Amino acid sequence: MIPAGFEYHRPTDTASAISILQEHGDEARVIAGGHSLIPMMKLRMADLAHVIDLQDIEEMKGIEIGADSVTLGAMVTQHELITHDGLAAAVPIIREAALQIADPQVRYVGTIGGNVANGDPGNDMPGLMQCLDASFELVGPDGTRTVAAREFYEAAYFTARDDEEILTRIMIPVPAAGTGQAYEKQKRKIGDYATAAAAVMVGNGAASVAMTNLADTPVWSAEASAALAGGDVEGCVAAMLDAIDPVEDNRGPVEFKKHVAAVMLRRAIARAMSRAG
């Protein structure tokens, strides 16, 4: 199908994009890579009078590697996450996860900001960002604020971002040396959302565990993370199975999804532990 007519905006700075959002209110939306919004517009599930393309906003691009933290511009593509050697050295789980998103054509255009900002429970990066204890920078008419990834997701497609705010950057603490990291994903076919996916970090007496597409938000579990930090793998799995809330759909019934979740989590734990030290 063809989307309804709309006015296309391509601002060159964040302030201009926010100004357009303020001017047009509910009739305007921003797009990064456009892989979520454009299909909805083609299906007439989203009818917008104004589309604001963020592609020309240079301040929302780039990868910065610091001693203690990594900063990703919201417009960094999945392809850039995969090919940046400094990022792979600092936080290798990001490359590992990005390689499992969709296919190369999508990864050349799809952005990290778009993946985390719209609250789609099937997206890979939100759960990973929770595992990494990342924070999101939001810029709006009232200024800039930072929201932890673990507090950002409220329900499917509902987040802590206000309508006139734009997610501009992602800040990630660099894991301590010796931290093992792994991302495991089961999907029906190449390019599909996960039936279940697990992000795990473990080492130095600490651990962090999150899962994807097993509830209406990504699931990070303090209880599962604490169990794994104490060396209790089965306690970690049990705590995570208590935390998730899958529903039956075309990827399978609830019990099947719980089974796959446990398999993915155990695999991720085993690989992360093998990489720790």
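The rules we used
Residues numbered from 1 in each chain as written. Predicted model: local features only at pLDDT ≥ 70, side-chain atom pairs only at ≥ 80, totals over all residues. Heavy atoms only, no water. Helix = DSSP H or I, 4+ residues; strand = E, 2+ residues; numbered from the N terminus. Rg over C-alpha atoms; globule rule 2.2 N^0.38 Å. Disulfide = S-S within 2.5 Å. Buried < 20%, exposed > 50% of the residue type's maximum accessible area, 1.4 Å probe, protein only. Pairing = 2+ DSSP bridges. Core = buried A, V, L, I, M, F, W, Y, C linked by side-chain atoms within 4.5 Å. Contact = heavy atoms within 4.5 Å. Salt bridge = Lys/Arg side-chain N within 4 Å of Asp/Glu carboxyl O. Arc of directions from axis to C-beta. Polar contact = N/O pair within 3.5 Å; in protein donor to acceptor, adjacent residues only side chain to side chain. Phe/Tyr/Trp six-rings, centres within 6.5 Å; stacked < 30°, edge-to-face > 60°. Lys NZ or Arg CZ within 6 Å of the ring centre and 35° of its normal.

(A) Representation of the overall build of the protein chain. Of regular secondary structure, the protein chain possesses 12 helices and 14 strands. Taken over C-alpha atoms, the radius of gyration comes to 19 Å for the protein chain, in line with the 19 Å a tight globule of 277 residues would show.

(B) Region of the structure containing the state of the cysteines. In this structure the tally under the stated criterion is zero disulfides. Free of any disulfide, Cys131 has its nearest cysteine sulfur in Cys236, 10 Å distant. Here Cys131 falls in the buried class, since its relative accessible area comes to 1%. What makes Cys236 buried here is its relative accessible area of 0%.

(C) Broad picture of the pairing of strand S7 (residues 143–148). Here strand S6 (residues 135–140) runs beside S7; their pairing, made up of six bridges, is antiparallel. Considered in S7, the bridge of Ser135 is made with Ala148. The hairpin turn running from S6 into S7, its antiparallel successor, is two residues long.

(D) View of unusual backbone geometry. If you check the backbone angles, Ala102 has positive phi at about 50° while not being a glycine. Examined against the element boundaries, Ala102 turns out to sit in the loop between helix H5 (92–98) and helix H6 (104–109). A positive phi angle, near 60°, is found at Asn204, a position not held by glycine. Mapped onto the fold, Asn204 is located in the loop between strand S12 (194–203) and strand S13 (206–212).

(E) Representation of the nonpolar core within the structure. In terms of nonpolar packing, the biggest core is built from 54 residues, with Leu81, Ile94, Met125, Met129 and Ile170 touching the most fellow members. Contacts of Met125, omitting those with residues within four sequence positions, involve Gln78, Leu81, Ile94, Ala97, Ala98, Ile101, Ile112, Asn115 and Val116.

(F) Broad picture of the pattern of salt bridges. Under the defined criterion, the tally for this structure stands at 16 salt bridges. For the salt bridge of Asp53 with Arg10, the shortest nitrogen-to-oxygen distance reads 3.4 Å. Of this pair, Asp53 sits in strand S3 (residues 50–53) while Arg10 sits in the loop between strand S1 (7–9) and helix H1 (14–24), placing them 43 residues apart in sequence. A residue is classified by how much of its surface remains accessible, and Asp53, at 7% relative accessible area, is buried. One salt bridge connects Asp192 with Arg188, and the closest N-O pair in it is separated by 2.7 Å. Taking relative accessible area as the criterion, Asp192 reaches 8% and is therefore assigned buried. Owing to a relative accessible area of 43%, Arg188 belongs among the partly exposed residues under this scheme. Sharing partners across several salt bridges, the network here consists of Glu96, Glu184, Arg271 and Arg275.

(G) Fine view of helix H10 (residues 222–229). All of the buried residues along H10 are Ala224, Ser225, Ala227 and Leu228. With its buried residues spanning 160° around the axis, H10 presents them on a single face. Turned more than 90 degrees away from the buried face of H10, the exposed residues are Glu223 and Ala226. Among the structural elements, S12, S13, strand S14 (219–220), helix H11 (233–243) and helix H12 (254–275) are those in contact with the buried residues of H10. Two or three places before Glu223, at the start of H10, stands the capping residue Ser221, its side-chain oxygen 3.4 Å from that residue's backbone nitrogen.

(H) Geometry of the packing of aromatic side chains. Enumeration over the complete set of coordinates arrives at three aromatic pairs. Relative to Phe152, the ring of Phe136 has its centre 5.0 Å away and its plane inclined at 90°; by these criteria the two rings are edge-to-face. Placement of the pair is Phe136 in strand S6 and Phe152 in helix H9 (residues 149–152), with a sequence separation of 16 residues. Of the two residues examined, Phe136 and Phe152, each falls in the buried class. Each ring, one from Phe136 and one from Tyr153, has its centre 6.4 Å from the other, and the planes form 85°; the classification is edge-to-face. Of this pair, Phe136 sits in strand S6 while Tyr153 sits in strand S8 (residues 153–155), and the two are 17 residues apart along the sequence. Overall, the relative accessible area of 0% leaves Phe136 in the buried class. On the accessibility criterion, Tyr153 (10% relative accessible area) is buried. What links up through ring pairs into an aromatic cluster is the set Phe136, Phe152 and Tyr153. Residue placement shows Arg150 over the ring face of Trp220; its charged tip is 3.8 Å from the ring centre.

Without other data, these values stay purely geometric and don't point to any function.
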